[in-house]
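# Observations on chain architecture
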Amino acid sequence: MPTQKPADAPRPHPLHALRASVFAVGALLLLAGIGMVVHQPLLIPPVAASAALVHGAPGLPISQPRNVVGGQLLSALIGYATLAVTGSTAWGAAIAAGLALGAMMLTHLSHSPAVASAVVVVLQAPPALPFLPLLVLSTGILVAIGLLPGRIGGHPVRYPVSW
């Protein structure tokens with residue numbers, strides 16, 4: 001008996017894709033601008049990936065504010081703990097990534113881009129102050145801007161679905 005292929009997911013409406021892109025670009029430009037003003041990077045690759053989820057897939061559980069902010073912060077903290085034990089090594093980064101994944105699953109804070117924050121911490125060893133407060137600020141800004149499309153109208157999914 002032949003197996004059926006699952007139906008492809010419907011493509012988003014072009015205006016939805018445009019709106020998501022515009023808000024993601026706006027959020028990331030704002031983070032880049034604030035980073036330049038405070039002379040600290042607010043725009044790191046894991047945060048850019050978080051923006052993609054918040055704006056491109058706002059209905060997913062991993063895109064919700066609790067997961068975005070909590071998952072990023074938890075993963076960074078695990079990165080610092082791993083850094084203290086292993087030093088700045090590729091082995092330590094791999095361990096931190098795996099531990100961050102497990103911790104997020106156990107705490108119901110799953111946010112896949114946050115695993116990369118643990119890796120960034122181990123490999124780059126940024127000072128915890130200002131890195132951690134700026135990470136929380138960055139993710140808070142992403143969440144705040146994520147609220148806008150549904151309030152401006154026409155967005156098919158309200159964000160957040162849950163806090």
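Each chain carries its own residue numbering, running from 1 in the direction its sequence is written. Where totals are concerned, whole chains, interfaces and linings use all residues; where local detail is concerned, this predicted model gives features only for residues with pLDDT of at least 70, and gives and counts side-chain atom pairs only at 80 or more. The basis for the side-chain values is all heavy atoms of the structure; hydrogens and waters are excluded.

Helix and strand labels come from DSSP, where a helix needs a run of H or I of at least four residues and a strand needs a run of E of at least two; each type is numbered from the N terminus. Mapping S75 onto the fold places it in helix α3 (residues 65-86). A sequence separation of 86 residues divides S75 from V161, and the C-alpha atoms of the two residues are 23 Å apart. Contacts are residue-level and defined by heavy atoms, with any inter-residue pair within 4.5 Å sufficient. Leaving out residues up to four positions away in the same chain, S75 has contacts with A100, M104, A114, V115 and A118.

Put simply, L129 and P130 share a cis peptide bond, and its omega is 25°. Inspection of the secondary structure assignment puts P130 in helix α6 (residues 128-146). Of note, the bond from Y159 into P160 is cis; its omega dihedral lies within 30 degrees of zero at 0°. For A125, which is not glycine, the phi dihedral falls at a positive 50°. Burial status follows relative accessibility: with a 1.4 Å probe on protein chains alone, a residue under 20% of its type maximum counts as buried, one over 50% as exposed, and anything between as partly exposed. Here A125 falls in the partly exposed class, since its relative accessible area comes to 37%.

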